[in-house]
Amino acid sequence: MKLNCNPALGERHSSNTQRVRDISEGWFEAEGYCLNCASPRLKRMTPGMEFLDFECPQCAQGYELKSAARVHTRIVQDGGFDSMMRRIRAQQAPALMLMHYSPQWCVQRLVAVHPVFLTPSVVRKRNKPHLRPVTRREYWMCDLDLTVIPSDGKIVLVDGAGVRPTAETRAAFRESKRFTDIPLSKRGWTALVLAKVRKIGKTEFTLADIYAHEAAMHAVYPENSHVREKIRQQLQALRDLGYIEFLSKRGEYRVLL
């Protein structure tokens, strides 16, 4: 994978947004590959398709590319709120590709967010509604909250260490598929608890360690007043998925994956 983009692809635009889109999508079309199968290339979609910039010609896995001159760490601005929610509920969310480029148009970082981790709890309505140009009806745009997604769902393809081998990135993508065993209605909670387990950063942890994040979890699900019960329930789900094991009835756990 070559990391240098071609700035000439954006010369026909005066708009910086359009220029960035053409340059970054041109690079991804040339260098991107499918994480879901062995296809070495991706097909560029018709401009204007919401939440779908590329598709694998072999397995039809979709990809949405988000490019920025900074690292995506917390919030990613995206398209229409209702449209994204429909795609998620229909199990048609794309893999979200987060690209960070340098002023010299060299790719510094590329991370794939696995679509299985794009749940309703990740999607936030942006501050204020917009107006549709034709109907003048209000509609909401959305932000995607990366902080509630565990590191398992953020697959690094390029970082400061260089380009990660394709076999490793595809293996990580396959590994995340185990989360498809969790119904979508419960998956956001399971992912959130796994994210907090990763944040604890210890091979062995206790219920007290995870309860320390209770307030942050309640902020994601403010309508739920039984957060500790949900935590224990999701720890059982993570055990069944093979991520952790229970060490004792005193609330002691070990991370396996």
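Everything that follows concerns the structure shown earlier in this document.
Residues numbered from 1 in each chain as written. Predicted model: local features only at pLDDT ≥ 70, side-chain atom pairs only at ≥ 80, totals over all residues. Heavy atoms only, no water.

(A) Spatial organisation of the pairing of strand 5 (residues 95-101). Most of strand 5 sits inside the fold, with seven of its seven residues counted as buried. Residue alternation in strand 5 divides its side chains into two sets, A95, M97, M99 and Y101 and L96, L98 and H100, and both sets are buried. With six bridges joining them, strand 3 (residues 62-68) and strand 5 adopt parallel strand pairing. Among the inter-strand pairings, E64 is bridged to a residue of strand 5, identified as L96. Note that strand 5 and strand 6 (residues 107-113) share six bridges and pair antiparallel. The partner of L98 across the bridge, within strand 6, is V111. (Buried < 20%, exposed > 50% of the residue type's maximum accessible area, 1.4 Å probe, protein only. Helix = DSSP H or I, 4+ residues; strand = E, 2+ residues; numbered from the N terminus. Pairing = 2+ DSSP bridges.)

(B) Local environment of the pattern of salt bridges. What the rule picks out here adds up to 17 salt bridges. For E64, the salt bridge goes to K66, with nearest N and O atoms at 3.7 Å. Each member of the pair, E64 together with K66, is buried. For R198, the salt bridge is made with D152, and the minimal N-O distance between the two is 2.6 Å. Of this pair, R198 sits in helix 4 (residues 184-200) while D152 sits in the loop between strand 10 (141-145) and strand 11 (154-159), placing them 46 residues apart in sequence. Among the charged side chains, a salt-bridge network with shared partners connects E25, E29 and R44. (Salt bridge = Lys/Arg side-chain N within 4 Å of Asp/Glu carboxyl O.)

(C) Expanded view of the packing of aromatic side chains. Within this structure, the stated rule accounts for eight aromatic pairs. Centroid distance W27 to F28: 6.3 Å. Interplanar angle 40°. Geometry classified as tilted. Its relative accessible area of 4% is what places W27 among the buried residues. Looking at F28, the relative accessible area reads 2%, which means it is buried. (Phe/Tyr/Trp six-rings, centres within 6.5 Å; stacked < 30°, edge-to-face > 60°.)

(D) The arrangement of the sheet that holds strand 13 (residues 204-206) in detail. Taken in spatial order, the three strands of this open sheet run 13-15-14, and their pairing is antiparallel. Because the sheet does not close on itself, it has two edges, and the strands there are strand 13 and strand 14 (244-248). Strand after strand, the sheet turns through a mean of 30° between neighbouring axes, direction not considered. Alignment of strand 13 against strand 15 (residues 252-255), held across three bridges, turns out to be antiparallel. Bridge pairing in strand 15 places E204 opposite R254. Along the sheet face, helix 7 (residues 227-241) touches strand 13, strand 14 and strand 15 and points at about 115° away from the line of strand 14. (Axes fitted to C-alpha atoms, helices over the stretch in contact; angles between N-to-C directions. Contact = heavy atoms within 4.5 Å.)

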